[in-house]
Amino acid sequence: MFEKGTCIVYGTIGVCRVEEIGPIKGISGSDPGKVYYKLKPVRSGGTIYIPVDSKVFMRRVMTKQEADDLIHQMPSISEEVCNSRDQRILNEHYKASLRMHSCEELVRLIKSVYVKNRRLIKSGKKVGKTDLEYRKKAENLLYDELSVSLEVPFEQVKRYVENQVKNMGKERTAAREVAQEQT
């Protein structure tokens, strides 16, 4: 069970803060014998009431260290481009990635769509609406969690990640140069 004030990832909604824990009073359809989380999405309005024993996916937001580790892994996360033209297959492929609730899988999805779109543009074809829709959804989920973990405003997360990855590349290049000079 999560504690009041904890930030969690809730299904495919994204990051929510646990506002209250207990039975719900005054809302029709709620079970007075059940304990509920009152969740507040961090980037959107509204309130979500969900039983603490719900089957909906919930987990703690990653720590700052886990977020930094993920960013350092990003260059090595390989993409898996789905080239199917069947919208049903494409949708199911992307939904399966989102249902994994894994930040690494979100990175893979984002990178895969980016690579696919670059190939399409190079060959003079249009970028797919479904691809863009799921990339945006994956970015929102990933950046939402990184924003909370790293304490970086949501609007700045993409730039923050890009700068970190670019700096890692510079560090690797400098390390290779030093190693070559020593031989």
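To keep things clear, this report deals only with the structure shown in the data block. Only a predicted model underlies this, so the values are computations on that prediction, with no experimental measurement involved. (Residues numbered from 1 in each chain as written. Predicted model: local features only at pLDDT ≥ 70, side-chain atom pairs only at ≥ 80, totals over all residues. Heavy atoms only, no water.)

Compared with an ideal rise of 1.5 Å per residue, which puts 20 residues at 28 Å, helix H3 (residues 103-122) spans 29 Å between its outermost C-alpha atoms and is within 8% of the ideal. Count one or two residues on from H3 and you reach glycine 124, which has phi positive near 80°. (Helix = DSSP H or I, 4+ residues; strand = E, 2+ residues; numbered from the N terminus. Expected span 1.5 Å × (residues − 1).)

A few words on the packing of helix H1 (residues 64-73) against helix H4 (residues 129-150). Running from amino to carboxyl end, H1 crosses H4 at an angle of 130°, the nearest separation of the two axes being 8 Å. Looking at the two axes, H1 sits oblique to H4. Helix-helix and strand crossings are classified by hand; for H1 and H4 the assignment is left-handed. From H1, Lys64, Ala67, Asp68, Leu70 and Ile71 reach across to H4, where they touch Leu142, Leu146, Ser149 and Leu150. The class makeup of the residues in the contact of H1 with H4 is six nonpolar, one polar and two charged. (Axes fitted to C-alpha atoms, helices over the stretch in contact; angles between N-to-C directions. Parallel < 35°, antiparallel > 145°, perpendicular 65-115°, else oblique. Left-handed = near helix turned anticlockwise from the far one by under 90°. Contact = heavy atoms within 4.5 Å. Nonpolar A, V, L, I, M, F, W, Y, C, P; charged D, E, K, R; others polar.)

What follows deals with the packing of aromatic side chains. Per the stated rule, a full pass over the model turns up two aromatic pairs. Centroid distance phenylalanine 2 to tyrosine 37: 5.7 Å. Interplanar angle 45°. Geometry classified as tilted. Taken together, the residues span a long stretch of sequence, with phenylalanine 2 in the segment before strand S1 (7-10) and tyrosine 37 in strand S3 (residues 36-41) at a distance of 35 residues. Take phenylalanine 2: its relative accessible area is 15%, and that puts it in the buried class. (Phe/Tyr/Trp six-rings, centres within 6.5 Å; stacked < 30°, edge-to-face > 60°. Buried < 20%, exposed > 50% of the residue type's maximum accessible area, 1.4 Å probe, protein only.)

No statement about biological role is implied by the geometric values presented.
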